[in-house]
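Descriptive structure summary
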Amino acid sequence: MSRSLELSGSALRVVFEAVSVVALVVFVGPAVWPPEDAAGVALVALFGLVVVGLVAAMWRSRRVDASYLRSGYDISDDPVGDPGQVAKDRWRKSVARLPDGNDEEDD
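Because the structure is predicted, anything quoted here is derived from the model rather than measured. Numbering of residues begins from 1 in every chain and follows the order in which that chain's sequence is written. Only residues with pLDDT of 70 or above have their local features reported here, since the model is predicted, and side-chain atom pairs are shown and tallied only from 80 upward, although totals for entire chains, interfaces and linings are computed over all residues. Side-chain numbers come from the whole structure's heavy atoms, not from hydrogens or water.

Attention now moves to the overall build of the chain. When its secondary structure is counted, the chain shows three helices and zero strands. The secondary structure listing takes helices from DSSP runs of H or I that are at least 4 residues long and strands from runs of E that are at least 2 residues long, numbered from the N terminus. Counting helices and strands in the order they occur from the N terminus, the chain gives α-α-α. With a 1.4 Å probe rolled over the protein chains alone, any residue whose accessible area is under 20% of its type maximum counts as buried; one over 50% counts as exposed, and the rest are partly exposed. Residue burial in the chain is summarised as follows: out of 107 residues, 13% are buried. By definition in these notes, contact holds between two residues if any of their heavy atoms fall within 4.5 Å. Within the chain, contacts between residues separated by at least 24 positions form 38% of all contacts whose residues are at least 6 apart in sequence.

Once that is clear, we can look at helix α2 (residues 38-63). Every α-helix carries 3.6 residues per turn, so stepping three or four residues along brings you back to the same face. Taking 1.5 Å as the rise per residue, α2 with 26 residues should run 38 Å; its terminal C-alpha atoms sit 37 Å apart, in good agreement. Taken together, the buried residues of α2 touch α1 (9-32). Here, expected helix span is obtained from the residue count minus one, scaled by 1.5 Å.

Turning our attention to the pattern of salt bridges. For this analysis, a salt bridge means a side-chain nitrogen from Lys or Arg found within 4 Å of a carboxyl oxygen belonging to Asp or Glu. Tallying each qualifying case throughout the model produces one salt bridge. In this structure, Arg13 engages Glu17 in a salt bridge whose closest nitrogen and oxygen atoms are separated by 3.6 Å. In this pair, Arg13 and Glu17 are both assigned in helix α1, four residues apart and thus about one turn of the helix distant. Residue class for Glu17 comes out buried when judged on its relative accessible area of 8%.

This part takes up the nonpolar core. In terms of nonpolar packing, the biggest core is built from six residues, these being Val21, Val32, Val44, Phe47, Val51 and Met58. If you list the elements that add at least two residues to this core, you get α1 and α2. Considering every element that reaches this core, the biggest residue donor is α2, with four residues. The term nonpolar core refers to a set of buried residues drawn from Ala, Val, Leu, Ile, Met, Phe, Trp, Tyr and Cys, joined through side-chain atoms within 4.5 Å.

Moving on to α1. Between its first and last C-alpha, α1 extends 34 Å over 24 residues, near the 34 Å set by a 1.5 Å rise per residue. Think of it this way: the bend at a residue is just the angle between two axes, each fitted to seven residues, one set ending at that residue and the other starting at it. Within α1, the axis deviates most sharply at Val26, by approximately 25 degrees, and proline Pro30 lies no more than four positions further along. Buried within α1 we find Glu17, Val21, Gly29 and Val32. Contact partners of the buried residues in α1: α2.

Time to look at the confidence of the model for the chain. pLDDT runs from 0 to 100 and stands for how confident the predictor is about each residue. Overall, the predicted model of the chain reaches an average pLDDT of 77, with 74% of residues at or above 70. Mean pLDDT values for the elements of the chain range from 80 in helix α3 (residues 83-97) up to 86 in α2.

Here it is in structure tokens:
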């Protein structure tokens, strides 16, 4: 009988995020704390903003569905760089506006 430990992808993601934030604070924190002058205070403020931004980005990445096109997470979406992508988007919008055809009568 073998024992196994199964972790879901979301659990591994949370562990990775927590380890990343803790490692950032542990390794960079002592380099900027305690501040000795105005430049040190500015550096501590910048570091704090980086940590808050990292946590906010991690939180937002869990709230946004990455499979949703135009979400910012779709790496294949580049409407400016590819005119074909723009045409494809316009075509999809046009097709979406078409009636289903279920209410039309065949004569």
